[in-house]
Amino acid sequence: MSGSHVTVLLIIFALLLLLFLFRFRLRRSPLLKELLRWSLAAILILSQLTLEIWYQGFGLWDIKNTLPLELCSLTLILSILMLVTKSRILYIFVFYAGICGALAALLTPNLAYAFPHFRFIQFFIAHGAIILSALYMSWIENEKLSFTSVPIGFVMLNVAAGFVWLINQMTGANYMFLSHKPDTPSILDLLGPYPFYIVMEEILALILFLMLYVLFFYLPWGAVNRVEERRVTNM
């Protein structure tokens, strides 16, 4: 929670607020909607591409540390595919796992570089764009999820974790922190020792998925929002 950390969090929050406030105007303008969709996809692509170039340029590429197998790296790639294809199944995964993972990373970043280092800027742009992409699908493409999306998203998360665990076993890596906790302080420090914290992560993930569903698709304000949508559509 340094000054630069707080500042970038406020910037991301402001962008999310603007996305929400201008959602109806963006929906009514196919040009603006498409421009935003492809801009988010381009930001995500450039974010991952420049990171790979940086790894190679400074001799930092390492199969144990730099494959895109962290949860946020996976959701970043899937966010690109989601935006390009408007896939509903990818939206479920990105909405739940992407928002939860990126939000945790933004609040407790596992990052050794301070502003204005490239890695600091890339890290926050990438994670902020993941959340923006998920909420773009919710607020601009007007995607709605039912309660069944919660267990679907949870199963998808565990399938991804199982795949990453196999890669960890073959390479000796620690992607998604499935082998041990990160070296820097993180929310995992509150969940107990290995491997108990992985079980707690499962429980926490399910609770957070449920909270996201309730917040965005179940609470009464959602009904008020639908009435407002109909009013704006009929104007």
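Small disclaimer: the values here were computed from a predicted structure and weren't measured.

K.L.:
Just checking my understanding: could you explain the packing of aromatic side chains for this structure?
P.N.:
Describing an aromatic ring pair means giving the distance of the ring centres and the angle of the ring planes. All chains considered together, the criterion is met by 19 aromatic pairs. Consider the rings of F95 and Y96, whose centres lie 5.1 Å apart with planes at 85 degrees: the pair is edge-to-face. Pairing F123 with F124 gives two aromatic rings, centres 5.1 Å apart and planes at 75 degrees, and the pair type is edge-to-face. Relative accessible area serves as the criterion here: at 6%, F123 is assigned to the buried category. An aromatic cluster is built from F20, Y91, F95, Y96, W139, F147, F209, Y213, F216, F217 and Y218, whose rings are joined through pairwise contacts.

K.L.:
Mind showing me how you'd approach a nonpolar patch on the surface here?
P.N.:
On the surface, a nonpolar cluster with roughly 670 Å² of combined accessible area is contributed by I11, F13, L15, L17, L18, L21 and F22. Relative to the assigned elements, I11 resides in helix α1 (residues 3-21).

K.L.:
When you look at the packing of helix α7 (residues 149-171) against helix α8 (residues 196-218) in this model, what are you seeing that I'm missing?
P.N.:
How two helices pack is summed up by the angle between their axes together with the distance between the axes. Interaxial distance between α7 and α8 falls to 10 Å at its minimum, and their mutual angle equals 145 degrees. Crossing geometry of α7 relative to α8 is assigned as right-handed. Contact with α7, carried on its side by S149, V150, G153, F154, L157 and N158, involves E202, A205, L206, F209, L210 and Y213 of α8 and no other residues of that element. Within the contact of α7 with α8, the residues separate by chemical class into eight nonpolar, three polar and one charged.

Cut-off values and rules
Residues numbered from 1 in each chain as written. Predicted model: local features only at pLDDT ≥ 70, side-chain atom pairs only at ≥ 80, totals over all residues. Heavy atoms only, no water. Phe/Tyr/Trp six-rings, centres within 6.5 Å; stacked < 30°, edge-to-face > 60°. Buried < 20%, exposed > 50% of the residue type's maximum accessible area, 1.4 Å probe, protein only. Patch = residues over 30% accessible without salt bridge, like charges linked within 9 Å, V, L, I, M, F, W, Y side chains within 5 Å. Areas by Shrake-Rupley, 256 points an atom, 1.4 Å probe, with all protein chains shown as cover. Salt bridge = Lys/Arg side-chain N within 4 Å of Asp/Glu carboxyl O. Helix = DSSP H or I, 4+ residues; strand = E, 2+ residues; numbered from the N terminus. Axes fitted to C-alpha atoms, helices over the stretch in contact; angles between N-to-C directions. Left-handed = near helix turned anticlockwise from the far one by under 90°. Contact = heavy atoms within 4.5 Å. Nonpolar A, V, L, I, M, F, W, Y, C, P; charged D, E, K, R; others polar.

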